[in-house]
Amino acid sequence: MTALHPFLDQVSAFFERQLIYDASPEKRWAWGERGHGIIGYIEFVQDALDGDASLVDNFALLLSGRENLDPNSFCPCGRNRKYKHCHAKRIAKLIERFGENNPFFQLADRRDIDNQNMRS
Ligand SMILES: [Zn+2]
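Since we're looking at a predicted model, the values are computed, not measured. Residue positions are counted from 1 within each chain, in the order its sequence is given. The predicted origin of the model limits local features to residues at a pLDDT of at least 70 and limits the giving and counting of side-chain atom pairs to 80 or more, whereas totals for whole chains, interfaces and linings rest on all residues.

A. Fine view of the overall build of the protein chain. In DSSP terms, a helix is any run of H or I states spanning at least four residues, a strand is any run of E spanning at least two, and both are numbered starting from the N terminus. A count of helical and extended segments in the protein chain gives 5 helices and 0 strands. When the helices and strands of the protein chain are listed from N to C terminus, the series reads α-α-α-α-α. Placing a C-beta atom from the backbone of each residue, one calls two residues in contact when those atoms lie within 7 Å. Taking as baseline every contact in the protein chain between residues at least 6 positions apart, the subset at least 24 positions apart corresponds to 39%.

B. Inspection of the nonpolar core at higher detail. In this structure, Y41, I42, V45, L49, L55, F59, L62, L63, I91, L94 and F104 together form the largest nonpolar core, which totals 11 residues. Put simply, the parts of the chain that give this core at least two residues each are α2 (38-48), α3 (53-63) and α4 (88-98). Counting residues per element, this core draws most heavily on α3, at 4 residues. Not counting chain neighbours up to four residues away, the residues in contact with I91 comprise F59, L62 and L63. Nonpolar cores are built from buried Ala, Val, Leu, Ile, Met, Phe, Trp, Tyr and Cys residues. These are joined into a set through C-beta atoms within 7 Å. Every C-beta atom is placed from the backbone, and the number of other C-beta atoms within 10 Å of a residue's own sets its class: buried at 20 or more, exposed at 12 or fewer, partly exposed in between.

C. Highlighting the packing of α2 against α3. Two elements in contact, α2 and α3, have axes separated by 9 Å at closest approach and are oriented at 110 degrees. Considering the angle they form, α2 stands roughly perpendicular to α3. Residues I42, V45 and Q46 of α2 form the contact with α3, whose participating residues are A53, V56 and L63. For helices, the fitted axis covers only the stretch in contact; all axes are lines through C-alpha atoms, and the angles between them, taken along N-to-C directions, range from 0 to 180 degrees. Note on angle classes: values under 35 degrees are labelled roughly parallel, values over 145 roughly antiparallel, values of 65 to 115 roughly perpendicular, and the remainder oblique.

D. Looking closely at unusual backbone geometry. One non-glycine residue, D50, lies in positive phi territory at about 60 degrees. Here D50 is to be found in the loop between α2 and α3. In the Ramachandran plot, N80 falls in the positive-phi region, its phi being about 60 degrees despite a non-glycine side chain. One can find N80 in the loop between α3 and α4.

E. Expanded view of the environment of L62. Summarising the element assignment, L62 is placed in helix α3. Between the C-alpha atom of L62 and that of P76, which follows or precedes it by 14 residues, the distance is 9.6 Å. Ignoring any residue separated from it by four or fewer positions in sequence, one finds L62 in contact with E67, L69 and I91.

F. Seen up close, α3. Those residues of α3 lying buried are L55, F59, L62 and L63. Taken around the axis of α3, the buried residues stretch over an arc of 80 degrees, which confines them to a single face. For α3, the exposed residues lying more than 90 degrees away from the buried face are A53, S54 and D57. Taken from the helix axis, the directions to the C-beta atoms give the arc we talk about.

G. Examining the packing of α3 against α4 more closely. In the contact formed by α3 and α4, the axes pass within 10 Å of each other and the chain directions differ by 60 degrees. The angle between the axes of α3 and α4 places the two elements in the oblique class. Between α3 and α4 lies a crossing of right-handed hand. Listed contacts from α4 to F59, L62 and L63 of α3 are I91, L94 and I95. Residue classes follow a fixed rule: Ala, Val, Leu, Ile, Met, Phe, Trp, Tyr, Cys and Pro count as nonpolar, while Asp, Glu, Lys and Arg count as charged, and any other residue, Gly among them, counts as polar. Here the contact of α3 with α4 is built from residues that sort into 6 nonpolar, no polar and no charged. Helix crossings are classified by the rotation of the near helix relative to the far one: an anticlockwise turn of less than a right angle makes the crossing left-handed, while a clockwise turn makes it right-handed.

What follows is the structure in structure tokens.
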């Protein structure tokens with residue numbers, strides 16, 4: 001049942017959007033259109049980080065929730081502010097929103113695999 005819930009959440013959101021699309025005369029997706037799979041997540045995160053694509057890359061490992069940053073160290077965004085006073089809350093909210101299906105887990109895994117392949 002726990003594995004089924006996130007799937008049903010996504011399916012019900014899809015059908016809700018599909019109904020709105022079908023009912024709209026101009027056939028437009030509500031809340032815009034996003035790419036499928038990881039691409040859509042990256043677009044979502046980019047929007048959440050004020051549209052800055054480079055920030056998605058800077059925060060990718062933190063977004064996976066597998067890497068932590070000292071709250072008193074400089075924020076990876078490069079604004080010369082402490083992480084806790086800059087992007088920490090927004091990143092924590094995104095990680096919480098992704099829940100069990102955090103798409104950045106896969107990216108973190110892929111980077112680990114790439115790093116191992118480069119070493120061997
Ligand atoms: Zn920041």
